[in-house]
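The lines below spell out each chain.
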Amino acid sequence: MKRFLIFLAVLTGLAAVPAKAELKVFACEPEWAALTQELGGDRVSIYVATNAFQDPHRVEAKPSLLARARRAQLVVCTGAELEIAWLPVVLRQSGNSAVQPDKPGYFEAANYVQKLEIPTRLDRAEGDVHAAGNPHIQTDPRNIGRVAAALVQRLAEIDPAGATYYQTRYRDFASRWEAAIKRWEQQAAPLKDVRIVVQHKGFPYLVNWLGLREVAALEPKPGVEPTSAHLTAVLEKLQRQPARIVLRAAYSDGRASEWLAERAKIPAVAVPFTVGGSDKAKDLFSLFDDTVQQLLGALK
Ligand SMILES: [Zn+2]
């Protein structure tokens, strides 16, 4: 009986603590979930719609996604048409007016960075070419820093009671992030002017950041599977102008990369591309630690 009373007391004690109202966030990709977590700490509860082994261009608008979008107070996605095949359907069918694209509850990371590869002419025959430019902005950590500066403001707008909390966390994150960028840039110095082949055109921001040189892509057009004719042409090109690395994201099928790597006698590297894409890439910091180390390792 005594034990039962103690048990009751504990229960009522717990009940007396008001349930914490966490801001419900729906993140499209793991990098934005990780960034929201850095800034939001324990004021946010985050659902991430995709993992590092899924192609973010191609995601099924499953009922579980609709249910999560329905309850979300803030949607944090890449934008620049990366999710064009699934997110508009999910948002529309969620019936949640607070997170529609014209509302403060909808945040597109790509709006806050300068886009690369903006096409001069839009032609769907050219494959997955996006009018807004290349959407894979997260491979340059300076972009993550820019998005963080905008996202902290949005968190404060949606959840004003947490504004000071978010700002404090942002300042802490931003200073650690700036220091990490300096470290990565020093470590990555040997990668400058290194010629690489990419599987998918997913790396222009990484290439731009580290001064790599992209000389070919294995996909004949973005989003189009490599063909043997195209691979042969790339191999011939490399025989005239060698490259040092064949690069792909963790989610990409490795066969075309491995085929070329074997014949061109250069290493194939699969970088995590986002948080969770390798055992080491557990958060945003280790994502870039691992990416830089894997690229450097391929030069040895
Ligand atoms: Zn892409």
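From a predicted model like this one, the values you see are computed outputs, not experimental measurements.

(A) Structural detail: the overall build of the chain. When helices and strands are tallied, the chain shows 10 helices and eight strands. For the chain, the spread of C-alpha atoms along the principal axes amounts to about 80 × 40 × 40 Å. Sequence-distant contacts, at least 24 apart, represent 64% of the contacts inside the chain between residues at least 6 apart. Entry remark: accessible area of the chain is about 14,700 Å², with carbon and sulfur atoms responsible for 54%. Averaged over its 38 positive side-chain charges, the chain has a centre that lies 3 Å from the centre of its 33 negative ones.

(B) Main features of unusual backbone geometry. Of note in this structure, Ala 80 is not a glycine but carries a positive phi near 50°. Position of Ala 80 relative to the elements: it lies in the loop between strand E3 (74-77) and helix H4 (87-94). Unusually for a residue other than glycine, Asp 193 sits at a positive phi of about 70°. For Asp 193, the position within the fold is in the loop between helix H6 (163-187) and strand E5 (195-198). Since its relative accessible area comes to 41%, Asp 193 is described here as partly exposed.

(C) Quick peek at helix H2 (residues 30-40). Across the 11 residues that make up H2, a large majority, 10, are buried. Inspection of H2 places Pro 30, Glu 31, Trp 32, Ala 33, Ala 34, Leu 35, Thr 36, Glu 38, Leu 39 and Gly 40 among the buried residues, and these make up the whole buried set. Next to the buried residues of H2 lie strand E1 (23-27), strand E2 (44-48), E3, helix H5 (141-158), H6 and helix H10 (284-299). Of the residues trailing H2, Gly 41 is marked for its positive phi of about 50°.

(D) Local environment of the environment of Thr 120. With respect to the helices and strands, Thr 120 occurs in the loop between strand E4 (106-108) and H5. For the pair formed by Thr 120 and Gly 133, sequence separation is 13 residues and the distance between their alpha carbons is 9.8 Å.

(E) Geometry of the pairing of E2. Note that E1 and E2 share five bridges and pair parallel. Within E2, the residue paired with Lys 24 across the bridge is Ser 45. The β-α-β motif built from E1, the intervening H2 and the parallel element E2 has right-handed crossover chirality.

(F) Broad picture of the coordination of the zinc ion. Coordination of the zinc ion by the protein involves His 57 (NE2), His 136 (NE2) and His 200 (NE2), with metal-donor separations of 2.0 to 2.1 Å. Counting gaps between the donor residues of the zinc ion yields the pattern H-x78-H-x63-H. Here His 57 is found in the loop between E2 and helix H3 (63-71), whereas its partner His 200 is found in the loop between E5 and helix H7 (204-210), with 143 residues between them in sequence. Overall, His 57 belongs to the buried group, its relative accessible area being 7%.

Calculation criteria
- Residues numbered from 1 in each chain as written.
- Predicted model: local features only at pLDDT ≥ 70, side-chain atom pairs only at ≥ 80, totals over all residues.
- Heavy atoms only, no water.
- Helix = DSSP H or I, 4+ residues; strand = E, 2+ residues; numbered from the N terminus.
- Contact = heavy atoms within 4.5 Å.
- Areas by Shrake-Rupley, 256 points an atom, 1.4 Å probe, with all protein chains shown as cover.
- Lys, Arg positive; Asp, Glu negative; His and termini not counted.
- Charge placed at Lys NZ, Arg CZ, Asp CG, Glu CD.
- Buried < 20%, exposed > 50% of the residue type's maximum accessible area, 1.4 Å probe, protein only.
- Pairing = 2+ DSSP bridges.
- Right-handed = clockwise from strand over helix to strand, strands pointing away.
- Donors = N, O, S within 2.8 Å, 3.2 Å for Na, K, Ca; no water.

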